[in-house]
Amino acid sequence: MAEISQGGGGDKGGKVRSKKQSTRIDMTPMVDLAFLLLTFFVLTTSLNKPQTMEIRIPDKDDPKNQQKPIEINEERAITLLLSGENKLYWYPKINPETLQETDYGVDGIRKILEENEAKINAKFGGKEQSMFVFIKPMDDSNYKNMVDILDEMKVVDIKKYALMEPTGQDKNIINQYASSMGATTPTE
Amino acid sequence: MAKVKPHRSAPSIDMTPMVDLAFLLVTFFMLTAKFRPDEPVQIVTPASHSQFKLPESGVLVLTIANDGRVFYDMDGKDARYRVITAMAEKYNVQLSEQEKTVFVLSPSVAVPMSQMKSFLAQGVKAQKGIKQPGIPSDTANNELKDWIIQSRIANPTLRVAIKGDNEAKYPKVNSVMKTLQDLNVTIFNLITNAEADAEKPVAKEN
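Cut-offs used in this document
- Residues numbered from 1 in each chain as written.
- Chains lettered and ligands numbered in written order.
- Predicted model: local features only at pLDDT ≥ 70, side-chain atom pairs only at ≥ 80, totals over all residues.
- Helix = DSSP H or I, 4+ residues; strand = E, 2+ residues; numbered from the N terminus.
- Buried ≥ 20, exposed ≤ 12 C-beta atoms within 10 Å, placed from the backbone.
- Core = buried A, V, L, I, M, F, W, Y, C linked by C-beta atoms within 7 Å.
- Contact = placed C-beta atoms within 7 Å.
- Nonpolar A, V, L, I, M, F, W, Y, C, P; charged D, E, K, R; others polar.
- Pairing = 2+ DSSP bridges.
- Axes fitted to C-alpha atoms, helices over the stretch in contact; angles between N-to-C directions.
- Parallel < 35°, antiparallel > 145°, perpendicular 65-115°, else oblique.
- Left-handed = near helix turned anticlockwise from the far one by under 90°.
- pLDDT = per-residue confidence, 0-100.
- Right-handed = clockwise from strand over helix to strand, strands pointing away.

### So, the overall build of chain B
Along the backbone of chain B there are seven helices and six strands. When the helices and strands of chain B are read in sequence order from the N terminus, they spell out α-β-β-β-β-α-α-α-α-α-β-α-β. Considering chain B as a whole, with its 206 residues, one finds that 33% of them fall into the buried category.

Written out as structure tokens, the structure is:
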């Protein structure tokens with residue numbers, strides 16, 4: 001214990017002692033890397049899964065659907081016309097003469113749907129007698145428009161809606177509306 | 001009096017168990033991660049508030065590009081093999097085993113059956129540079145219908161999803177949906193991405 005190493009006289013019979021070094025390695029960089037990779041994989045796997053929207057379309061072969069179409073009080077109906085260039089038109093009831101233009105924003109279509117739903121619920125008592133939305137995408141509308149409207153149905157929590165073909169009258173009324181606004185008529 | 005000297009040691013912790021755990025998790029996530037294959041076409045999906053996630057497997061994805069081309073993609077190697085075998089038989093296309101393997105390994109495919117052989121003969125790598133014409137899905141020549149039928153035979157629990165581009169025209173989307181309706185696929189999914197705004201439908205007051 002009381003050994004004193006003599007400095008300077010290494011070749012005079014003193015033993016050369018190898019310094020004992022710890023065998024520990026600094027693992028910090030490795031841990032950093034491991035956690036970096038971990039974070040990367042955790043984030044990418046959870047973000048990778050796309051969201052989906054489930055939709056059901058009527059079954060053509062179902063005998064229930066082959067009976068006469070469901071009758072709806074026209075007071076409860078509202079029609080949305082999805083047109084080209086992200087334009088959106090709507091009219092209450094089944095009266096295309098009252099066509100109005102709106103947009104896909106929160107202050108546009110969502111407000112209209114909420115207002116009309118409240119009005120119809122107040123009149124008919126809601127539940128089975130709630131608002132029925134006819135969604136009519138025109139030929140020049142795009143997929144985004146359709147998804148936006150279907151999403152809006154979910155957000156406003158409208159249970160009854162249907163995708164349908166616009167009638168000739170709908171097309172005419174939009175053309176009239178567009179030309180009355182001084183815009184070019186949408187090409188068919 | 002000798003002072004008691006505090007035992008000096010570096011305040012290091014044994015990190016080994018932590019590292020073990022970290023690497024275990026890394027390995028787990030690496031193995032479970034599915035890397036998205038190179039899609040032949042860029043799709044920008046619309047946003048929605050839907051919270052429903054697409055299932056991991058057993059999904060048939062019909063991609064509708066912004067120019068209206070329809071792409072077919074299904075997971076499951078065995079099912080894909082059976083589909084291409086059945087389709088080749090139905091359309092009288094002679095495909096070698098190697099060409100079928102190319103189909104199994106390919107990402108989304110959008111080639112009419114008449115061009116399928118020459119398309120597959122080029123191998124998986126070459127597909128990236130080819131502009132695929134799209135699967136015919138109009139009323140006159142609806143190959144898409146057969147693709148869906150064969151896919152459902154190969155995998156009866158199949159879930160159908162439509163992945164449309166924002167700019168895809170509605171009539172094309174409608175024709176695909178009509179095709180599904182004709183085949184009694186009345187429940188399907190539309191692939192969207194999460195809406196950027198924080199408002200959730202649940203949080204809305206009624």
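### With respect to the nonpolar core
The nonpolar side chains of a soluble globular protein tend to be buried with one another. Judged by nonpolar contacts, the single largest core of 59 residues is most densely connected at L80 of chain A together with I64 and V176 of chain B. Apart from the residues lying within four places of it in its own chain, the contact partners of I64 of chain B are Y143 of chain A together with V70, I162, G164, D165, A168, K172, V173 and V176 of chain B.

### Overview of the environment of A110 of chain B
Residue and element names in this part refer to chain B. Inspection of the secondary structure puts A110 in the loop between α3 (97-105) and α4 (113-121). When the 21 C-beta atoms within 10 Å are taken as the criterion, A110 is described as buried. Distance in space between the C-alpha atoms of A110 and R69 is 7.5 Å, their sequence separation being 41 residues. Those residues in contact with A110, other than ones at most four positions away along the chain, are R69, V70, F71, Y72, Q132, P133, G134 and I135.

### Things to note about the interface of chain A and chain B
Between chain A and chain B, the residue contacts involve 38 residues of the former and 46 residues of the latter. Elements with a contribution of two residues or more to the side of chain A that touches chain B: α1 (28-48), β1 (51-56) and α4 (143-156) of chain A. For the side of chain A that touches chain B, the element with the most residues is α1 of chain A, which contributes eleven residues. Per-class residue counts for the side of chain A that touches chain B are 19 nonpolar, seven polar and twelve charged. With six bridges joining them, β1 of chain A and strand β6 (residues 187-194) of chain B adopt antiparallel strand pairing. Bridging across to β6 of chain B, R56 of chain A finds its partner in I187 of chain B.

### Remarks on the packing of helix α3 (residues 106-124) of chain A against α4 of chain A
Residue and element names in this part refer to chain A. Packing of α3 against α4 leaves a shortest axis separation of 10 Å and a crossing angle of 45°. Considering their axes alone, α3 and α4 lie oblique with respect to each other. Here α3 runs over α4; the crossing is right-handed. From α3, I109, R110, L113, E114 and E117 reach across to α4, where they touch E152, V155 and V156. Taken together, the residues of the contact of α3 with α4 sort by class into four nonpolar, no polar and four charged.

### Regarding the packing of helix α2 (residues 77-90) of chain B against helix α6 (residues 143-154) of chain B
Residue and element names in this part refer to chain B. Remark: α2 packs on α6, axes separated minimally by 9 Å, with the N-to-C direction vectors making an angle of 135°. Classified by the angle their axes make, α2 and α6 are oblique. Two packed elements cross with a definite hand, and for α2 against α6 that hand is right-handed. On α6, the residues that touch A79, R82, V83, A86, M87 and K90 of α2 are D146, W147, Q150, S151, I153 and A154. Along the lines of polarity and charge, the residues of the contact of α2 with α6 split into seven nonpolar, two polar and three charged.

### Regarding the sheet that holds strand β4 (residues 100-102) of chain A
All names here are of chain A. Read from one edge of the open sheet, five strands run β4-β3-β2-β5-β6, paired in mixed fashion. Sheet topology places β4 and β6 (161-163) at the edges, where each strand pairs with a single neighbour. Taken pair by pair, the neighbouring strands of this sheet meet at an average axis angle of 25°, ignoring direction. Here strand β5 (residues 132-137) runs beside β6; their pairing, made up of three bridges, is parallel. Residue pairing in the sheet places V133 in a bridge with Y161 of β6.

### Overview of the confidence of the model for chain A
Scored by pLDDT, chain A has a mean of 74; 76% of the residues are at 70 or more. Here residues 7-12 of chain A is a poorly scored stretch, pLDDT under 50, and it has two contacts once near neighbours within four places are set aside; other chains count.

### A few points about the pairing of strand β4 (residues 70-74) of chain B
Regular strands place their side chains on alternate faces of the sheet. Residues and elements named next belong to chain B. Most of β4 is tucked away, with five of its five residues classed as buried. Note that strand β3 (residues 59-64) and β4 share five bridges and pair antiparallel. Counterpart to I64 in the pairing with β4 is V70.

### Brief notes about the pairing of strand β5 (residues 159-164) of chain B
Residues and elements named next belong to chain B. Bridge count for β3 against β5 is six bridges, and the pairing is parallel. The residue of β5 that forms the bridge with L60 is V160. Here β5 runs beside β6; their pairing, made up of two bridges, is parallel. Within β6, the position partnered with I162 by the bridge is L190. The parallel pair β5 and β6 is bridged by helix α7 (residues 170-182), and the resulting crossover is right-handed.

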